[in-house]
Amino acid sequence: MKKFSIVIAGGGSTYTPGIVMMLLDHLETFPIRKLKLYDNDEKRQHMIGEALKIVLNERAPEIEYTYTTDPEEAFTDIDFCFAHIRVGKYEMRELDEKIPLKHGVVGQETCGPGGIAYGMRSIGPMIELIDWMEKYSPDAWMLNYSNPAAIVAEACRILRPNAKVLNICDMPVGTLRRMSQIIGKTPKELDVRYFGLNHFGWWTSVKDKEGNEYLPQIREYVKENGYLTQIEVDTQHMDPSWQETHKKAKDLLAVDPRFLPNTYLKYYFYPDEVVESSNPKYTRANEVMDGREKKVFSTAREIIEKGTAAGSEFAIGSHATFIVDLARAIAFNTHERMIMIVENNGAIANFDDDAMVEVPCIVGSDGPEPLSQGKIPEFQRALMLQQVTVEKMVVQAYIEGSYQKLWQALTLSKTVPSAKVAKKVLDDLIEANRGYWPELK
Ligand code: NAD
Ligand code: G6P
Ligand code: MN
């Protein structure tokens, strides 16, 4: 069986240990010969890198393992790059969330002005990663989680149209886990139909392999409880603020009871409520820094101090499951069905060909083959056109260095009430993002 070489870009990410643990649990079906971590922050990566060195020594000493800040070393002789960089780290996420809130606008990592600001930071470094991969390992695939995935995917489509980059999101996978728990199944027993953009979509069917449709049953449950489930179904999306988000799916379903909504629609359908319930001094970035980040780094420290991983555990979630399944699908041509962000080209029949959409695909060694989702209703089509245009205009604003276009993009976002507010938020974001964004004229 062929063995693979992987680099994880954003080695210091809170998700790195989970992905490595998942890889170690699946060496029989996805063998690894080499594993590297790459980050541009030596100090942050060091802790995770050292802890994982101990884990790997104990569990799979045959795997050649290193961590580095040198792109050439990182990207040479690899089959896959798993990317999850956060340009500007939590410090900038905090500003993405707090600046819009100061103006009464949704402050969110990937939606609205915060997502736009993050997009403007992410494009350059993501393209740089792709170029290194193509230079040092031209046959490799990049499986990219780095957010905001919608804007990053559009930037890849425009700037590196032939690159072997697949942009993915774990939200549909995480929510499918909840759905399967609601109906007493496992996610692998189910096939879904889904259409939308990243963090902006709907399920139109959830069937088992015999063809039985569960959507009506799930809908009855979601109508009462949202996606809140009785037992812990995952290790991620579990904090109290996430529970609120799962519950809110109930009010998203009410807007169109035909389809099961992606939880992220709450920022577009109920922005006023989101702002009212946000604490402008303590946002999700603060929760993550006080929660997941502390937990992952204290586990890493513990392993290093003890010199063994025995008795210490890094959590594995649906996030790690998905990326490892995807790598295996490409490596062994499994033709597994997975939701991916791809260029539409008719998959949604009445939507623009050149839009980056999120739909189920069959994944094999040539990458994803999108499955036709037919025509979508006018309500969703109009919402999606507005949102995808925001995403396209951000990428154009980045390339042209255009203040005007970025102002238009913010004005067009359903989360922003007026051009006046858009301008105020934008001017503050420009100030906060100096050194990260291109100069805008
Ligand atoms: P994190 O801050 O813990 O980790 C990100 C790492 O990226 C840091 O160690 C940072 O130093 C590094 N980094 C930043 N810029 C870099 C660059 N140019 N080159 C190399 N490394 C760089 O963040 P996290 O919370 O673990 O999330 C990581 C990323 O994964 C984020 O972009 C997050 O939004 C994304 N994510 C996406 C999904 C999805 O559904 N697509 C799900 C979960 C997380
Ligand atoms: C989901 C989304 C990701 C997003 C993450 C934020 O998994 O699909 O795109 O980055 O949530 O979670 P956090 O716990 O960092 O707020
Ligand atoms: Mn996502």
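Being a predicted model, the structure only gives us computed values, none of them experimental. (Residues numbered from 1 in each chain as written. Chains lettered and ligands numbered in written order. Predicted model: local features only at pLDDT ≥ 70, side-chain atom pairs only at ≥ 80, totals over all residues. Heavy atoms only, no water.)

Quick look at the site of ligand 1
Operational definition: The criterion for a residue being near a molecule or strand is simple. One of its heavy atoms has to lie within 4 Å of it. Pairing of N or O atoms within 3.5 Å defines a polar contact, subject to two protein rules: one partner must be a possible hydrogen donor and the other a possible acceptor, and residues neighboring in sequence count only if both atoms are side-chain atoms. Working definition of accessibility: Shrake-Rupley area with a 1.4 Å probe, residue cover restricted to the visible protein chains. Numbering of helices and strands runs from the N terminus, with a helix taken as a DSSP run of H or I at least four residues long and a strand as a DSSP run of E at least two residues long. Classification convention: Asp, Glu, Lys, Arg as charged; Ala, Val, Leu, Ile, Met, Phe, Trp, Tyr, Cys, Pro as nonpolar; all other residues, Gly among them, as polar.
With respect to spatial proximity, 27 residues lie near ligand 1, and among them Ser13, Thr14, Asp39, Tyr90 and Tyr118 are the closest. Between ligand 1 and the protein, one listed contact pairs an oxygen atom with a side-chain N or O atom of Tyr118 at 2.6 Å. Its free accessible area being 860 Å², ligand 1 has 96% of it covered by the protein chains. The set of elements that each furnish at least two residues to the shell around ligand 1 consists of helix 4 (89-102) and helix 5 (112-136). When grouped by side-chain class, the residues that make up the shell around ligand 1 number 10 nonpolar, 9 polar and 8 charged.

Quick look at the side chain of Lys34
To be explicit about the condition: Residues are treated as being in contact if the distance between any of their heavy atoms lies within 4.5 Å.
Assignment of secondary structure puts Lys34 in strand 2 (residues 32-38). Apart from the residues within four sequence positions on either side, Lys34 is in contact with Phe4, Ser5, Ile6, Ile63, Glu64 and Asp77.

Observations concerning the coordination of the manganese ion (ligand 3)
For clarity, the threshold we go by: Atoms of type N, O and S within 2.8 Å of a metal are treated as its donors, and for Na, K and Ca the window is 3.2 Å; water is not considered, so some sites may appear to be missing partners. Each residue is assigned to one of three classes by its accessible area relative to the maximum for its type, calculated with a 1.4 Å probe on protein chains only: buried under 20%, partly exposed between the two thresholds, exposed over 50%.
The protein atoms donating to the manganese ion (ligand 3) are Cys169 (SG) and His199 (NE2), with metal-donor distances spanning 2.2 to 2.3 Å. Of the two residues, Cys169 is situated in the loop between strand 6 (165-167) and helix 7 (171-182) and His199 in the loop between strand 7 (190-197) and strand 8 (200-208); the sequence distance between them amounts to 30 residues. Per residue, the accessibility class of Cys169 equals that of His199, and both read buried.

Section: helix 9 (residues 240-255)
To keep it simple, the criterion reads: The length a helix should cover is 1.5 Å for every residue beyond the first.
Between the first and last C-alpha of helix 9 there are 24 Å, a value that for 16 residues agrees with the 22 Å anticipated at 1.5 Å per step. Along helix 9, the positions that sit buried rather than exposed are Trp242, Thr245, His246, Lys248, Ala249, Leu252 and Leu253. Close packing links the buried residues of helix 9 with helix 7, helix 8 (215-225), strand 9 (260-261), helix 10 (266-269), helix 11 (271-277) and helix 12 (284-306).

Here's the deal with the side chain of Arg284
Mapped onto the fold, Arg284 is located in helix 12. For Arg284, a relative accessible area of 19% gives the class buried. Among the polar contacts listed, one links the side chain of Arg284 to the side chain of Glu287, at a separation of 2.6 Å.

Description of the sheet that holds strand 8
Rules: Strands qualify as paired when DSSP identifies two bridges or more between them. Geometry is summarised by axes, namely lines fitted to C-alpha atoms with helices restricted to the contacting stretch, and by angles between N-to-C directions that run from 0 to 180 degrees.
The strand order across the open sheet built from 3 strands is 7-8-9, with neighbouring strands paired in antiparallel fashion. The open sheet is flanked by strand 7 and strand 9, the only strands paired with a single partner. As paired elements, strand 7 and strand 8 share 8 bridges and run antiparallel to each other. Counterpart to Leu197 in the pairing with strand 8 is Phe200. Its contacts with the sheet place helix 8 against strand 8 and strand 9, and it is angled at close to 125° to strand 8.

Observations regarding the packing of helix 4 against helix 16 (residues 419-432)
Using the following cut-off: Angles are sorted into four bins: roughly parallel if under 35 degrees, roughly antiparallel if over 145, roughly perpendicular if 65 to 115, and oblique for all others. Definitions for this section: a left-handed crossing has its near helix turned counterclockwise from the far helix by less than a right angle. A right-handed crossing has that turn clockwise.
One way to put it is that helix 4 packs onto helix 16 with a least axis distance of 9 Å and a crossing angle of 155°. Viewed along their axes, helix 4 and helix 16 adopt a mutual orientation that is roughly antiparallel. At the point where helix 4 passes helix 16, the crossing takes the right-handed sense. Each of Met92, Leu95, Ile99, Pro100 and Lys102 in helix 4 lies in contact with helix 16, whose residues at this interface are Val425, Asp428, Leu429 and Ala432. For the contact of helix 4 with helix 16, the residue count by class is 7 nonpolar, no polar and 2 charged.

Considerations on the UniProt feature "domain: Glycosyl hydrolase family 4 C-terminal" (unreviewed entry) in the chain
Which entries qualify depends on this criterion: UniProt positions are given in the numbering used here, feature names are shortened, and annotations may be inferred rather than shown by experiment.
UniProt records the feature "domain: Glycosyl hydrolase family 4 C-terminal" (unreviewed entry) at residues 194-416, using the numbering of this structure. Overall, residues 194-416 shows 49% helix and 16% strand. The separation of its end C-alpha atoms is 27 Å.

Observations concerning the layout of surface pockets
Think of a ball as big as a water molecule: rolled over the atoms, this probe shows where empty space is left. Applied cut-off: We place a 1 Å grid over just the protein atoms. Points where a 1.4 Å probe fits but has no way out form a cavity, open points with protein on both sides within 12 Å along at least 5 of 7 lines form a pocket, and any residue with an atom within 4 Å of a point lines it. Grid points are joined across faces, edges and corners, and a volume is the space filled by probe spheres set on the points.
Empty space within the second largest pocket amounts to approximately 460 Å³. Along the walls of the second largest pocket sit 20 residues, with Val173, Leu176, Pro187, Glu336 and Arg337 positioned nearest its centre. Of all the elements in the fold, those that place two or more residues in the lining of the second largest pocket are helix 7, strand 7, helix 13 (318-332) and strand 10 (336-343). Residues that form the lining of the second largest pocket fall into these classes: 11 nonpolar, 2 polar and 7 charged.

Considerations on the pairing of strand 2
The cut-off we apply is this: The crossover handedness rule: strands pointing away from the viewer, path from first strand over the helix to second strand clockwise, crossover right-handed.
Counting buried positions over the 7 residues of strand 2 gives 6, a clear majority of the element. As paired strands, strand 1 (residues 4-9) and strand 2 are joined by 6 bridges and run parallel to one another. Its bridge partner being in strand 2, Ala9 is matched across the sheet by Tyr38. On the question of chirality, the crossover connecting strand 1 to the parallel strand 2 by way of helix 1 (residues 16-25) is right-handed. Judged from the 5 bridges that link them, strand 2 and strand 3 (residues 64-68) form a sheet pairing that is parallel. Along strand 3, the bridge assignment pairs Tyr38 with Thr68.

Remarks on the pairing of strand 1
The buried fraction of strand 1 is high, at 6 of 6 residues. Side chains of strand 1 alternate between two faces, with Phe4, Ile6 and Ile8 and Ser5, Val7 and Ala9 buried alike. Pairing geometry for strand 1 and strand 4 (residues 80-83), over 4 bridges, is parallel. When the sheet's bridge partners are listed, Ala9 is paired in strand 4 with Ala83.

What to know about empty space enclosed by the protein
For the structure shown, the criterion picks out 2 cavities of 30 Å³ or more. Empty space within the largest cavity amounts to approximately 120 Å³. What lines the largest cavity is a set of 15 residues, and nearest its centre among them are Thr110, Cys111, Tyr268, Gln387 and Glu391. Counting residues per element, the ones that place at least two in the lining of the largest cavity are helix 5, helix 6 (149-159) and helix 14 (378-400). Taken together, the residues of the lining of the largest cavity sort by class into 8 nonpolar, 6 polar and 1 charged. The space that makes up the second largest cavity amounts to roughly 40 Å³. Around the second largest cavity, the lining residues are Met171, Gly174, Thr175, Arg178, Val233, Asp234, Gln236, His237 and His246. With 4 residues, the single largest contributor to the lining of the second largest cavity is helix 7.

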